[in-house]
Amino acid sequence: MNSSELRALRKETDPLADEIVTKYFTESAFDRQKTMIFFDALSKNSDPIPSGLPDYLEKYFYETEDLPSWADKNKIAKGEQLFATYGPQILMMLCVKSLPMAYSCGDGAQVLYKTGRLIEQNGVIDGVNRRLMETTQFVISVAQENGLGPQGKGIRTAQKVRLMHASIRYFLGKGKDWDPAWGQPINQEDMAGTLQSFSSLVIEGLAQSALKLTQEEKDAYIHLWRVAGHFIGVKPELCPEGYDVAHSLGESIFNDQQKPSDAGKILAKSLLDFMEYMLPGNLFDSLPIFFLQTYMGQKTSEVLGIGWPPKNPLGFFMEKIFQDVDTHVDGDEGFGKLVAYFASKLLFSMDHFYYGGKKARFWIPPSLRENWRL
């Protein structure tokens, strides 16, 4: 797609979800309690269908829960198997590739900044931790075995995300500090770019991590997220089939939107602080920026304000250790072993995280726990 076509998508949102959310918040006078009930219902992924909501909202969940006619269950299963095998590395890619690339899109980053969902508040990072873990939980819900099946968590979670996006659009649209030059909040270009950051960018990141995937595996993982995109409300033509076409679309979007912004830089700092916080002790605090710079490269690193060239030698030193321990591996494989180590430590910390003395609501299926040795 060319730039003018992509820019036109910034005016498009999701009419179905927008209509439902607008009706909910305008059918009576604004009520803070009503707003909190709505957001609380959407944030509780444990409930199959949120309770206490109007009939038309319940109808939405039932009428949009079926797989699209083009969905291929065999491809979905192959995508789920890839996640079962390389889940820790895939979830790590969210932090060192997917989200940073999204933050480098200056206009799209404004939504996360304006809502404060991924911003440190007065030096307190708890909210950032919680939101990033929710994003990780969303990926697990979608990509786990049968996550997109009738009894799976993925479809219901994606339906809730769709309504959450519409509600953010509703409230930001009513605010006075949203610049129309940024496009509509959470518009179709931003949603399509985010979908690619969760799919084709992840596949690219696994290749950078010395994991050799077949074309069939790549295409299957793209198909799995193409189905997820359907449930989130991304237009069908923005959910292409196959890795090569999907990656090309993602590159077009990121080339169109990438530019420095204060919002993107603040989000990147919060993300680095999150990873450092999650790693045990202080010895490995320099690894997050090493990985982010490695996966992002010079241009995106500079856009995000994290500097270039990489200055801290810790990552390179640890990579050399993995090579020295196993003399049969080359440089790429040594890096791959370091990635696997970092990914496992990050996921373990998230799985054992506590908020205010209570264990975080973070669920990993038993089969994946066994696969990932948690």
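Scroll up to find the structure.
Because the structure is a prediction, the values reported are computed rather than measured. (Residues numbered from 1 in each chain as written. Predicted model: local features only at pLDDT ≥ 70, side-chain atom pairs only at ≥ 80, totals over all residues. Heavy atoms only, no water.)

1. Brief notes about the overall build of the protein chain
- Each helix and strand counted, the protein chain has 17 helices and 2 strands in total.
- Counting across all 374 residues of the protein chain, residues that qualify as buried make up 53%.
- Considering only contacts within the protein chain whose residues lie at least 6 apart along the sequence, 76% involve residues at least 24 apart. (Helix = DSSP H or I, 4+ residues; strand = E, 2+ residues; numbered from the N terminus. Buried < 20%, exposed > 50% of the residue type's maximum accessible area, 1.4 Å probe, protein only. Contact = heavy atoms within 4.5 Å.)

2. A look at helix 12 (residues 243–257)
- Over its 15 residues, helix 12 extends 21 Å from the first C-alpha to the last, a length consistent with the 21 Å expected when each residue adds 1.5 Å.
- Regarding helix 12, the residues found buried are Tyr243, Ala246, His247, Leu249, Gly250, Ile253, Phe254, Asp256 and Gln257.
- The inward-facing, buried residues of helix 12 contact helix 1 (3–9), helix 5 (73–103), helix 9 (188–198), helix 10 (200–208) and helix 11 (215–232). (Expected span 1.5 Å × (residues − 1).)

3. Observations regarding the side chain of Gln159
- With respect to the helices and strands, the residue Gln159 is situated in helix 8 (residues 154–174).
- Residue class for Gln159 comes out buried when judged on its relative accessible area of 0%.
- A distance of 2.6 Å separates a polar atom in the side chain of Gln159 from a polar atom in the side chain of Arg156. (Polar contact = N/O pair within 3.5 Å; in protein donor to acceptor, adjacent residues only side chain to side chain.)

4. Some details on the pattern of salt bridges
- Per the counting criterion, the structure on display carries 18 salt bridges.
- Between Arg162 and Asp14 there is a salt bridge, with the nearest N and O atoms lying 2.6 Å from each other. With Arg162 in helix 8 and Asp14 in the loop between helix 1 and helix 2 (15–26), this residue pair connects regions lying 148 residues apart in the sequence. One exposure class covers both Arg162 and Asp14, and it is buried.
- Lys75 is the partner of Glu241 in a salt bridge, and the nearest nitrogen-oxygen pair spans 3.9 Å. (Salt bridge = Lys/Arg side-chain N within 4 Å of Asp/Glu carboxyl O.)

So, to be careful, I would describe these as geometric facts and stop short of saying anything about function.
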